[in-house]
Amino acid sequence: MELPIPPESPCGEVPTIELQNISKRFGNTQVLNQVDLAVYPGEAVAIIGPSGTGKSTILRIAAGLLAPDAGDIYIQGQRRIGLIEDATDPVSIGMVFQQAALFDSLTVEENVGFLLYQHSNLSAREIHDLVEDALDMVGLPGIGDRYPAELSGGMRKRVSFARAVIANPRNPKDRPSLLLFDEPTAGLDPIASTVIEDLIRSIHQSRGCSAYAIVTHQDSTIRRTADRVVFLHQGKLQWMGPVGEIDTTPNPFVRQFFSAQVEGPIHIVQ
Ligand code: ADP
């Protein structure tokens with residue numbers, strides 16, 4: 001499938017991330033089979049498809065947490081060597097996990113500022129102020145001294161967003177150019193989902209040319225957070241297009257998915 005270049009791309013035409021010919025197998029299962037996917041600066045891309053089809057695997061490969069068996073990854077045109085810990089990427093990538101993945105024994109402030117406490121020379125006061133700004137951004141000012149167990153599921157997700165976007169102001173490279181969201185609204189009620197979807201959009205709008213990719217199968221989240229949608233199934237991208245076309249494309253995979261029909265090219269394993 002050919003990689004599209006967004007028609008208007010004020011942020012430049014070099015993809016923030018480009019996966020070329022990515023394959024990944026677990027045991028006997030070929031989860032990804034020569035997948036090509038590019039996310040351009042400023043873009044909002046949803047990766048959708050049936051459960052177990054490799055969406056989270058793509059995200060973990062994009063984040064540099066998992067190595068593909070074959071294929072290349074380019075970050076702003078630079079080929080990635082190794083994994084995220086090898087720190088070769090020219091820009092930073094933030095990931096928000098499905099479970100908020102906060103440390104239960106740390107306060108919200110210690111969770112959000114974790115990387116800055118570990119890897120920066122900023123003073124505790126400076127980190128405190130940055131954490132406060134990040135919590136403000138996600139609509140949770142002043143909760144830095146609480147523990148994760150004291151928060152609702154939606155609040156924990158928002159704290160994990162704050163942790164993903166916080167950056168050391170003395171190191172501009174630190175500011176994520178790409179955010180990866182894995183099922184950010186899974187398990188939330190419709191209202192809490194709307195709060196998270198609005199937040200994803202507002203963080204994006206406040207951050208110029210940063211891009212995000214979001215894995216979700218929640219209808220509202222696809223429609224409210226994506227500009228472009230890619231449909232993954234059987235190790236391949238089966239379709240991609242603007243979010244407005246998900247209701248009109250004749251693509252049989254997309255039609256079956258959105259009409260929730262049992263009959264069709266997607267075979268459900270019970
Ligand atoms: P999705 O996000 O689309 O639901 P995943 O990427 O989580 O799918 O998983 C795709 C397939 O790969 C599933 O069959 C899953 O069981 C398998 N898988 C994912 N991660 C691992 C792993 N670390 N070890 C073995 N199998 C895995």
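The rules behind each value
Residues numbered from 1 in each chain as written. Predicted model: local features only at pLDDT ≥ 70, side-chain atom pairs only at ≥ 80, totals over all residues. Heavy atoms only, no water. 1 Å grid on protein atoms, 1.4 Å probe; cavity = no way out; pocket = protein on both sides within 12 Å on 5 of 7 lines; lining within 4 Å. Points joined across faces, edges and corners; volume = space filled by probe spheres on them. Helix = DSSP H or I, 4+ residues; strand = E, 2+ residues; numbered from the N terminus. Nonpolar A, V, L, I, M, F, W, Y, C, P; charged D, E, K, R; others polar. Contact = heavy atoms within 4.5 Å. Near = heavy atom within 4 Å. Polar contact = N/O pair within 3.5 Å; in protein donor to acceptor, adjacent residues only side chain to side chain. Pairing = 2+ DSSP bridges. Salt bridge = Lys/Arg side-chain N within 4 Å of Asp/Glu carboxyl O. Buried < 20%, exposed > 50% of the residue type's maximum accessible area, 1.4 Å probe, protein only. Phe/Tyr/Trp six-rings, centres within 6.5 Å; stacked < 30°, edge-to-face > 60°. Axes fitted to C-alpha atoms, helices over the stretch in contact; angles between N-to-C directions. Parallel < 35°, antiparallel > 145°, perpendicular 65-115°, else oblique. Left-handed = near helix turned anticlockwise from the far one by under 90°.

Applying the stated criterion across every chain yields a total of one cavity of 30 Å³ or more. Here the largest cavity is characterised by a volume of approximately 60 Å³. Sorting elements by how many residues they give to the lining of the largest cavity places helix α1 (residues 55–63) first, with three residues. Its residues placed into classes, the lining of the largest cavity shows 10 nonpolar, no polar and no charged.

Our focus in this paragraph is the environment of S23. When you line up the elements, S23 lands in strand β1 (residues 17–26). The sequence separation of S23 and A211 amounts to 188 residues, and the corresponding C-alpha distance is 23 Å. If sequence neighbours within four positions are ignored, S23 has contacts with Q30, L32, N33, Q34, P68, D69 and A70.

Right, let's get into the site of the ligand. The environment of the ligand is formed by F26, V31, P50, S51, G52, T53, G54, K55, S56, T57 and R60. With respect to the ligand, the backbone of G52 contributes an N or O atom lying 2.7 Å from an oxygen atom. Between K55 and the ligand, the recorded distance is 2.8 Å, taken from a side-chain N or O atom to an oxygen atom. Class assignment for the residues of the shell around the ligand results in three nonpolar, six polar and two charged.

Taken in spatial order, the four strands of this open sheet run β2-β1-β4-β5, and their pairing is antiparallel. Pairing within the sheet leaves two strands with one partner each, and these edge strands are β2 (29–39) and β5 (78–79). For β1 and strand β4 (residues 70–75), the ladder comprises five bridges, and the chain directions are antiparallel. Across the sheet, residue L19 finds its bridge partner in β4, namely I73.

Time to look at the pattern of salt bridges. A complete count under the given rule lists nine salt bridges for this structure. The closest approach of N and O atoms between R228 and E43, which form a salt bridge, is 2.7 Å. Taken together, the residues R228 in strand β9 (residues 228–233) and E43 in the loop between β2 and β3 (44–48) connect sequence positions 185 residues apart. With respect to class, R228 is no different from E43; both count as buried. Of the charged contacts in the structure, one is a salt bridge between R223 and D247, with a shortest N-O distance of 2.8 Å. One end of the pair, R223, is in helix α7 (residues 219–225); the other, D247, is in the loop between β10 (236–242) and α8 (252–259), and 24 residues separate them in sequence. Salt bridges sharing common partners tie together E197, D198 and R224.

As a further point, take the packing of aromatic side chains. Geometrically, a pair of aromatic rings is defined through the distance of the ring centres and the angle of the planes. Overall, the coordinates contain six aromatic pairs when judged by the stated rule. Judged by centre distance (5.3 Å) and plane angle (80 degrees), the ring pair of F257 and F258 falls under edge-to-face. Three or more aromatic residues link up through ring pairs in this structure, and these residues are F231, F253, F257 and F258.

In contact at an axis separation of 11 Å, helix α5 (residues 153–165) and helix α6 (residues 190–205) are set at 15 degrees when each is read in the N-to-C sense. The orientation of α5 with respect to α6, classified from their angle, is roughly parallel. Handedness of the α5/α6 crossing: right-handed. Residues G154, K157, R158, F161 and V165 of α5 form the contact with α6, whose participating residues are V195, I196, L199, I200 and I203. Classifying every residue of the contact of α5 with α6 gives seven nonpolar, one polar and two charged.

From the geometry alone we can't say anything about function, so treat these as descriptive.
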